[in-house]
Amino acid sequence: MIRNDWRDHERLQGIEVVADSLRTVGYLPSRQIATTVYLAARLAKPILVEGPAGTGKTELAKAVASFAQAELIRLQCYEGLDESKALYEWNYRKQLLRIQADGAAVEGLEQKGGWSKVGQDIFDEEFLLERPLLHAIRSRESSVLLVDEVDRMEVETEALLLEILSDFQVSVPELGTIVAESLPLVFLTSNGTRDLSEALKRRCLFLYIDYPTQERELEILSAKVPGLNSKLAKQIVGFVAGLRSLDLKKSPSISESLDWTRALLEMGIVTLEDSSVPDTLHLLLKYRTDVEAGIKELTSSDRG
Ligand SMILES: Nc1ncnc2c1ncn2[C@@H]1O[C@H](COP(=O)(O)OP(=O)(O)OP(=O)(O)O)[C@@H](O)[C@H]1O
Ligand SMILES: [Mg+2]
């Protein structure tokens, strides 16, 4: 039986407790986010987090690991990621050196059966290279496993992941089956570049993190940018929300509104009516046509 230490974690006892715990490490959650984390810990289920870029998907896993003081084990997915990079592989170089060393030792000795011992122990623990998934399984303490950008890996690797997420055990033919002692809290993130398998989705709690409401973004900016005056903060949040309703190539995300806000402060700008504001818009918008639309929006809207 695999232990679920997350269930009893004192900072996860209740939705409000989770929300407060996240806030203490600088992550401002919506109620839905806090609820999902709470349920994932109670039900021992992975969370599949989807949503636009820069809305706090990766940061959520980091924040949970941080307040829980748990190890964050990260598997960054990419096209071509395979078992040897996700799970484990044998250290061939080291194995080869061992065989050579053993060979040199028996050479010249007329010892009977000497050669049969060469390379006998090359599938021992010391030759195993542990990759993130195996590391998470073998971790004795409760850990956070972040499988980041899962939509970038191939379907075959997804099947491997699915197997691990269902049993939390792996079979290494030369060593036997390794079963987890303590269940990791798992976050899978996706930008939705491709559809994930139904089987994977079924195993997870689904959490969609959209752009924040104005209220939450105001909270995030105020918490993360010291010295921001509340009038400018409100102007920024309203303006950014307006931009997100336009048909832009790339809507500004939380990370971009944070960058922009910091830049405005750095330039001593205290209101969006300031004539220098258009020059800073490229921190918020990343396409020329979007910047042009932003400038138009800036001059057309009334920001009393
Ligand atoms: N709820 C939040 N509270 C505080 N900061 C946040 C929040 N959401 C996002 N951020 C800020 O936005 C930045 C970007 O977030 P993050 O890297 O998690 O985005 P992401 O959703 O993983 O994006 P991508 O899809 O591009 O990987 C973070 O570094 C963090 O500073
Ligand atoms: Mg991310």
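Draft legend 1. Quick peek at empty space enclosed by the protein. A full pass over the atoms with the stated rule returns one cavity of 30 Å³ or more. One number sums up the size of the largest cavity: a volume of about 60 Å³. As for the largest cavity, its lining consists of Asn4, Trp6, Ala40, Ala44, Lys45, Pro46, Phe168, Leu183, Pro184, Leu185 and Val186. Residue composition of the lining of the largest cavity, by class: nine nonpolar, one polar and one charged.

Draft legend 2. Fine view of the pattern of salt bridges. The tally for this structure, following the rule as stated, stands at 19 salt bridges. With its nearest N and O atoms 3.7 Å apart, the salt bridge here joins Arg23 to Glu219. Of the two residues, Arg23 is situated in helix 1 (residues 15-24) and Glu219 in helix 9 (residues 214-224); the sequence distance between them amounts to 196 residues. The class of Arg23 is partly exposed, set by a relative accessible area of 34%. Here Glu217 and Arg244 are joined by a salt bridge, their closest N and O atoms 2.8 Å apart. Of this pair, Glu217 sits in helix 9 while Arg244 sits in helix 10 (residues 230-245), and the two are 27 residues apart along the sequence.

Draft legend 3. Geometry of the site of ligand 1. Lining the immediate environment of ligand 1, one finds 18 residues, of which Leu28, Gly54, Lys57, Thr58 and Glu59 sit closest. Between ligand 1 and Asn191 there is a distance of 2.9 Å, counted from an oxygen atom to a side-chain nitrogen or oxygen. Lys224 is positioned with one of its side-chain polar atoms (N or O) 3.4 Å from an oxygen atom of ligand 1. A molecule is said to occupy a pocket when more than half its atoms come within 2 Å of that pocket's grid points, and by this definition ligand 1 occupies the largest pocket. Of all the elements in the fold, those that place two or more residues in the shell around ligand 1 are helix 3 (57-68), helix 9 and helix 11 (254-266). Considered class by class, the residues forming the shell around ligand 1 number six nonpolar, seven polar and five charged.

Draft legend 4. Fine view of the sheet that holds strand 8 (residues 185-190). If you trace the five strands from one edge of the open sheet to the other, you get 2-5-8-1-9, paired in parallel fashion. The open sheet has two free edges, formed respectively by strand 2 (71-76) and strand 9 (205-208), since each of these has just one partner strand. Averaged over all pairs of adjacent strands, the angle between their axes in this sheet comes to 20 degrees, without regard to strand direction. In this sheet, strand 8 lies alongside strand 5 (residues 143-148) in parallel orientation, the contact comprising four bridges. Pairing of Leu146 across the sheet is with Phe187, part of strand 8. On top of the sheet, helix 3 reaches strand 1 (47-50), strand 2, strand 5, strand 8 and strand 9; it is set at about 165 degrees to strand 8, its chief contact.

Draft legend 5. Summary view of the layout of surface pockets. In this structure, the largest pocket encloses a volume near 280 Å³. In this structure, the largest pocket is lined by 15 residues; those nearest its centre are Tyr27, Gly56, Glu59, Lys224 and Ile254. Contributing elements (two or more residues each) for the lining of the largest pocket: helix 3, helix 9 and helix 11. Taken together, the residues of the lining of the largest pocket break down into seven nonpolar, five polar and three charged. In terms of domain composition, the lining of the largest pocket takes at least three residues from each of domain 1 (5-87 + 131-208) and domain 3 (214-298).

What counts as what
Residues numbered from 1 in each chain as written. Chains lettered and ligands numbered in written order. Predicted model: local features only at pLDDT ≥ 70, side-chain atom pairs only at ≥ 80, totals over all residues. Heavy atoms only, no water. 1 Å grid on protein atoms, 1.4 Å probe; cavity = no way out; pocket = protein on both sides within 12 Å on 5 of 7 lines; lining within 4 Å. Points joined across faces, edges and corners; volume = space filled by probe spheres on them. Nonpolar A, V, L, I, M, F, W, Y, C, P; charged D, E, K, R; others polar. Salt bridge = Lys/Arg side-chain N within 4 Å of Asp/Glu carboxyl O. Helix = DSSP H or I, 4+ residues; strand = E, 2+ residues; numbered from the N terminus. Buried < 20%, exposed > 50% of the residue type's maximum accessible area, 1.4 Å probe, protein only. Near = heavy atom within 4 Å. Polar contact = N/O pair within 3.5 Å; in protein donor to acceptor, adjacent residues only side chain to side chain. Sits in = over half its atoms within 2 Å of the grid points. Pairing = 2+ DSSP bridges. Axes fitted to C-alpha atoms, helices over the stretch in contact; angles between N-to-C directions. Contact = heavy atoms within 4.5 Å. Domains from an automatic or database assignment.

Don't take any of this as a statement about function, it's just geometry.
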